[in-house]
Amino acid sequence: MNQTLRDRYEVVIGIECHVQLATRTKLFCACDNDSREAEPNTHICPVCLGLPGTLPVLNRRAVELAVRTGLALNGEIATRTTFDRKNYFYPDLPKGYQITQFDRPIVGLGSVQFPLAGRTVTVGITRAHLEEDAGKLTHPEGADYSLVDLNRAGTPLLEIVSEPDLRSAADAKGYAQELHNIVRYAGTSDANLYYGNMRFD
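Residues numbered from 1 in each chain as written. Predicted model: local features only at pLDDT ≥ 70, side-chain atom pairs only at ≥ 80, totals over all residues. Heavy atoms only, no water.

Novice: Is there a simple way to think about the nonpolar core in this case?
Specialist: Most often, soluble globular proteins have nonpolar side chains that are buried together. V112, L158, I160, Y175, L179 and M198 are the most contacted members of the largest nonpolar core, which totals 31 residues. Going through the elements one at a time, strand 1 (16–20), helix 3 (60–72), strand 3 (97–100), strand 4 (110–116), strand 5 (119–132), strand 8 (156–162) and helix 4 (169–186) are the ones with two or more residues in this core. Other than its neighbours up to four places away in sequence, M198 contacts C17, H18, V19, L179, H180, V183, A191, N192 and L193. (Core = buried A, V, L, I, M, F, W, Y, C linked by side-chain atoms within 4.5 Å. Buried < 20%, exposed > 50% of the residue type's maximum accessible area, 1.4 Å probe, protein only. Helix = DSSP H or I, 4+ residues; strand = E, 2+ residues; numbered from the N terminus. Contact = heavy atoms within 4.5 Å.)

Pasting the structure below:
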């Protein structure tokens, strides 16, 4: 008997979501966190660029918003959290590393529930951690070069990592919509998809 693809394979989906926190300044410096209409490379400073001798200072408001989001996700809030360096070399990352969290995230295990087609879907949250965003590359049409805009470098992000609990595209869509509702209701992000305030992987 011939099996269809649907019969032969099981859909298993987990989602990473980057949420831009609604702070006035960036995660580790006093640069403006809203560069939506700004000219390229106008909201930057030596800290954003990782110039020698600069020292990052953690944005207290970003921590508060991360904790608020964690509570909205029914997450475990860490009493001790640390930052790490993730080294990678890419044109939009001027330091050559990203300041992020690894083994001690600010938010631990949690869950999100939402109704879908007459049932309740529960998605586990593995973790949510603070990290800084990289810059942005643009690729002019027909050009053989790319442009780098570092205005976004250092923007405070909360990366929310789900368990692989989603079993269909409808589940994934429902989870994304519920996460969007949660961060909007909690007031922790503008969650504007057009401007990339929430990005799903």
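Novice: Please clarify how the packing of aromatic side chains should be interpreted in this entry.
Specialist: Any pair of aromatic rings gets described here by the distance separating the centres and the angle formed by the planes. As enumerated under the stated definition, the model contains 2 aromatic pairs in all. For the ring pair F28 and F83, a centre distance of 5.5 Å and an interplane angle of 75 degrees mean the geometry is edge-to-face. With F28 in the loop between strand 1 and helix 2 (46–49) and F83 in the loop between helix 3 and strand 2 (84–87), this residue pair connects regions lying 55 residues apart in the sequence. A relative accessible area of 9% means that F28 is categorised as buried. F83 gets classed as partly exposed once you look at its relative accessible area, which sits at 28%. When the ring of Y194 is compared with that of Y195, the centres are 5.0 Å apart and the planes differ by 85 degrees; the resulting orientation is edge-to-face. Taking relative accessible area as the criterion, Y194 reaches 72% and is therefore assigned exposed. R36 extends its terminal NZ or CZ atom over the ring of Y195, reaching a point 5.2 Å from the ring centre. (Phe/Tyr/Trp six-rings, centres within 6.5 Å; stacked < 30°, edge-to-face > 60°. Lys NZ or Arg CZ within 6 Å of the ring centre and 35° of its normal.)

Novice: Looking at this structure, how should I read helix 4?
Specialist: Each full turn of the α-helix corresponds to 3.6 residues, which orients residues three or four apart in the same direction. Look at helix 4: 26 Å from first C-alpha to last across 18 residues, which is about the 26 Å you get at 1.5 Å a residue. For helix 4, every residue scored as buried is listed here: D171, A172, G174, Y175, A176, L179, I182, V183 and A186. Those residues of helix 4 that are buried are in contact with strand 1, helix 3, strand 4, strand 5, strand 8 and strand 9 (198–200). (Expected span 1.5 Å × (residues − 1).)

Novice: I keep staring at the pattern of salt bridges and nothing clicks. Help me out?
Specialist: Opposite charge on two side chains allows them to pair when their charged atoms are near. A full pass over the atoms with the stated rule returns 8 salt bridges. In this structure, E10 and R167 form a salt bridge, with 3.2 Å as the shortest nitrogen-oxygen distance. Linking E10 in the loop between helix 1 (5–8) and strand 1 with R167 in the loop between strand 8 and helix 4, this pair joins segments that are 157 residues apart in sequence. R167 sits in the partly exposed class, given a relative accessible area of 39%. The shortest N-O distance in the salt bridge between R61 and E64 comes to 3.2 Å. (Salt bridge = Lys/Arg side-chain N within 4 Å of Asp/Glu carboxyl O.)

Novice: Got a minute to help me understand the environment of H18 in this structure?
Specialist: By the secondary structure assignment, H18 is in strand 1. The exposure class assigned to H18 is buried, which follows from its relative accessible area of 12%. A sequence separation of 142 residues divides H18 from I160, and the C-alpha atoms of the two residues are 6.4 Å apart. A distance of 3.1 Å separates a polar atom in the side chain of H18 from a polar atom in the side chain of E131. (Polar contact = N/O pair within 3.5 Å; in protein donor to acceptor, adjacent residues only side chain to side chain.)

Novice: How should the sheet that holds strand 1 be read in this particular structure?
Specialist: Within a sheet, each strand pairs with its neighbour through backbone hydrogen bonds, oriented either parallel or antiparallel. Spatial strand order, 4-5-8-1-9: 5 strands in an open sheet with antiparallel pairing. Lying at the two open borders of the sheet, with one neighbouring strand each, are strand 4 and strand 9. Neighbour-to-neighbour, the strand axes of the sheet open up by a mean angle of 30 degrees, direction not taken into account. Of the pairings in the sheet, the one linking strand 5 to strand 8 comprises 7 bridges and is antiparallel in character. Its bridge partner being in strand 8, I125 is matched across the sheet by S162. Together, strand 5 and strand 8 form the strand contacts of helix 3, whose direction differs from that of strand 8 by roughly 20 degrees. Sheet contacts for helix 4: strand 1, strand 4, strand 5, strand 8 and strand 9; angle to strand 4, the most-contacted strand, approximately 115 degrees. (Pairing = 2+ DSSP bridges. Axes fitted to C-alpha atoms, helices over the stretch in contact; angles between N-to-C directions.)

Novice: In this structure, what is going on with helix 3? I would like to understand it.
Specialist: If you check helix 3, its first and last C-alpha atoms are 19 Å apart, about what 13 residues at 1.5 Å a residue would give, namely 18 Å. Among all positions in helix 3, only A62, L65, A66, T69 and G70 are buried. Down the axis, helix 3 shows its buried residues gathered within 140 degrees of arc, on one side only. Away from its buried face, by an angle of more than 90 degrees, helix 3 presents the exposed residues R60 and L71. The backbone nitrogen of R61 has a side-chain oxygen 2.9 Å away, supplied by the residue at the start of helix 3, namely N59. (Arc of directions from axis to C-beta.)

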